[in-house]
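# Summary of structural features
The residues making up each chain are set out below.
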Amino acid sequence: MSIAILGTGAIGNYVRANTGGKITTILTRPERVSELQVETGLTCVGSAKDLPEGTNLLIDCSGHVGLAEHGPTALARGIDVLTVSVGALADEDIAKSLTEAAAKGGGALLLASGAIGALDALRGARVGELQSVTYTGRKPPAGWRGSPAEEVVDLSKPLGTAVAHFTGSARQAALQYPKNANVAAAVALAGIGLDDTTVALIADPDAKGNTHEITAQGAFGELTFTITGKGMPENPRSSALAAMSVVAAVRERSATIRFA
Ligand SMILES: NC(=O)C1=CN([C@@H]2O[C@H](COP(=O)(O)OP(=O)(O)OC[C@H]3O[C@@H](n4cnc5c(N)ncnc54)[C@H](O)[C@@H]3O)[C@@H](O)[C@H]2O)C=CC1
Ligand SMILES: O=C([O-])CC(=O)C(=O)O
């Protein structure tokens, strides 16, 4: 297995450090190629066109722009792309370009479960009639820095109470909060879709971590799922579980017994 990675931030670095040397190539911005090559000793390239022959997996840990920029080229070359930037699929142009490239080249776009769980239950539940799915994301104020929450609430001052700075569909959430609402998109894609999944995003001074809650009702019964994840030290916006889920997907890729 020859694996490349895009993104050398909090998630990307964790993934590289925990996949036992399986990642041999870094796809980065062209201006960073030489510097990163010296820093890491790995092959570094500035375009998906230049990924070495034989690369069969590109792991995207960069965000929506990176996936939109490099995903289609990799997929068109027949390279599978495992991504945490699930919310990018809320943009119809990006979704179309990824889908067409995958159909043309044979690569598959693999969605990491990321910072959330219960996607397996939703995927099963949607086979029967799934009536409603809601997702609530709750983070400490610092977890919303750099997002549109700042237009609704002053995150630099202590918050006296929890503030819901977004309510709407998963598609709107994913488009407006590219760094915070990938889980909303994952819940939607596993369940009743981006336009029918109801989302609330909350800045909460009492939040003990990044809390994600799903409720769902359908022919299967009822589901309530809550997880309180620890933010990554390098980036409190991103939960450690998101990075762990990518490592798990890489490890399971070569396992003979694995979850389907
Ligand atoms: N699915 C999920 O549960 C989660 C998904 N995410 C997504 O993962 C992304 C990355 O998270 P972190 O590692 O915490 O962020 P980060 O900001 O620490 O790292 C992002 C890295 O990607 C690189 N990058 C960004 N755009 C690029 C481009 N166009 N070309 C090449 N490199 C590019 C940056 O230089 C940086 O190295 C977030 O922006 C978010 O979209 C984050 C948390 C959970
Ligand atoms: O890491 C998290 O807690 C969730 C997140 O940022 C996202 O969904 O983009």
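Residues numbered from 1 in each chain as written. Chains lettered and ligands numbered in written order. Predicted model: local features only at pLDDT ≥ 70, side-chain atom pairs only at ≥ 80, totals over all residues.

For the chain, the name recorded in an unreviewed UniProt entry is L-aspartate dehydrogenase, with Litoreibacter arenae DSM 19593 as its organism. Recorded under Sequence similarities (unreviewed entry), the UniProt text for the chain is reproduced unchanged: "Belongs to the L-aspartate dehydrogenase family." Note on the chain: under the UniProt heading Pathway (unreviewed entry), the record states "Cofactor biosynthesis; NAD(+) biosynthesis; iminoaspartate from L-aspartate (dehydrogenase route): step 1/1." (UniProt positions renumbered as here; feature names shortened; annotations may be inferred.)

The sites that carry the UniProt feature "binding site: NAD(+)" (unreviewed entry) are, in the present numbering, Ala115 and Asn182. The named residues occupy 68 residues along the chain; their greatest pairwise C-alpha distance, 8.7 Å, places them in one compact cluster. By the element assignment, Ala115 lies in the loop between strand E6 (109-111) and helix H5 (119-125). The exposure class of Ala115 is buried, given the 25 C-beta atoms found within 10 Å. Residues contacting Ala115, with those up to four places away along its chain left out, are Val183, Asn210, His212, Gly229, Ser239, Leu241 and Ala242. Of note, Asn182 is situated in helix H8 (residues 182-190). Setting aside its immediate chain neighbours within four residues, Asn182 contacts Val84, Ser85, Val86, Gly87, Gly114 and Ala174. (Helix = DSSP H or I, 4+ residues; strand = E, 2+ residues; numbered from the N terminus. Buried ≥ 20, exposed ≤ 12 C-beta atoms within 10 Å, placed from the backbone. Contact = placed C-beta atoms within 7 Å.)

Our next topic: the UniProt feature "domain: Aspartate dehydrogenase" (unreviewed entry) in the chain. UniProt records the feature "domain: Aspartate dehydrogenase" (unreviewed entry) at residues 163-247, using the numbering of this structure. Secondary structure content for residues 163-247 is 28% helix and 45% strand, and the end C-alpha separation is 33 Å.

This part takes up the domain arrangement of the chain. The domain boundaries assigned to the chain delineate domain 1 (2-111 + 243-254) and domain 2 (119-229). Inter-centroid distance (C-alpha atoms) of domain 1 to domain 2 is 25 Å. Its residues placed into classes, the side of domain 1 that touches domain 2 shows five nonpolar, four polar and one charged. (Domains from an automatic or database assignment. Nonpolar A, V, L, I, M, F, W, Y, C, P; charged D, E, K, R; others polar.)

Glancing now at the site of ligand 1. Surrounding ligand 1, one finds 32 residues, the nearest of these being Gly9, Ile11, Gly63, Gly114 and Ser238. Top element by residues in the shell around ligand 1 is helix H3 (residues 64-76). It accounts for four residues. Class assignment of the residues belonging to the shell around ligand 1 gives a composition of 13 nonpolar, 15 polar and four charged. Looking at the shell around ligand 1, you find at least three residues from each of domain 1 (2-111 + 243-254) and domain 2 (119-229). (Near = placed C-beta within 6 Å.)

Another point: the sheet that holds strand E9 (residues 198-203). Strand order in this open sheet of five strands is E8-E9-E7-E10-E11, and the pairing throughout is mixed. The sheet is open, and its two borders are formed by strand E8 (163-169) and strand E11 (221-229), each paired with just one other strand. The mean inter-strand angle of the sheet, taken between neighbouring strand axes irrespective of direction, is 10 degrees. On the sheet, H8 packs against strand E7 (130-139), E9 and strand E10 (210-218) and is oriented at approximately 165 degrees with respect to E7. (Pairing = 2+ DSSP bridges. Axes fitted to C-alpha atoms, helices over the stretch in contact; angles between N-to-C directions.)

A few words on the site of ligand 2. Near ligand 2 you find Ala115, Lys179, Asn180, Ala181, Asn182, Val183, Asn210, Gly229, Arg237, Ser238, Ser239 and Ala242, and these make up its full shell. For the shell around ligand 2, the elements supplying multiple residues, two or more each, are H8 and strand E13 (235-239). Top element by residues in the shell around ligand 2 is E13. It accounts for three residues. Residue composition of the shell around ligand 2, by class: four nonpolar, six polar and two charged.

Two numbers describe how H3 lies on helix H4 (residues 92-105): the axes approach to 7 Å, and their chain directions differ by 15 degrees. Relative to H4, H3 is oriented roughly parallel. Classified by chirality, the crossing of H4 by H3 is left-handed. In contact with Ala68, Gly71, Pro72, Leu75 and Ala76 of H3, H4 contributes Ile94, Ser97, Leu98, Ala101, Ala102, Lys104 and Gly105. A class-by-class count of the residues in the contact of H3 with H4 yields eight nonpolar, three polar and one charged. (Parallel < 35°, antiparallel > 145°, perpendicular 65-115°, else oblique. Left-handed = near helix turned anticlockwise from the far one by under 90°.)

Once that is clear, we can look at H3. Counted at 1.5 Å a residue, the expected span for H3 with its 13 residues is 18 Å, and the 18 Å between its end C-alpha atoms agrees. A bend of about 40 degrees at His70 is the largest found in H3, and the proline Pro72 appears one to four places after it. Within H3, the full set of buried residues consists of His64, Gly66, Leu67, His70, Gly71, Pro72, Thr73, Ala74, Leu75 and Ala76. Elements in contact with the buried residues of H3: strand E1 (3-6), strand E2 (23-27), strand E4 (57-60), strand E5 (80-83), H4 and E6. (Expected span 1.5 Å × (residues − 1). Bend = angle between axes of the 7 residues up to and from the residue.)

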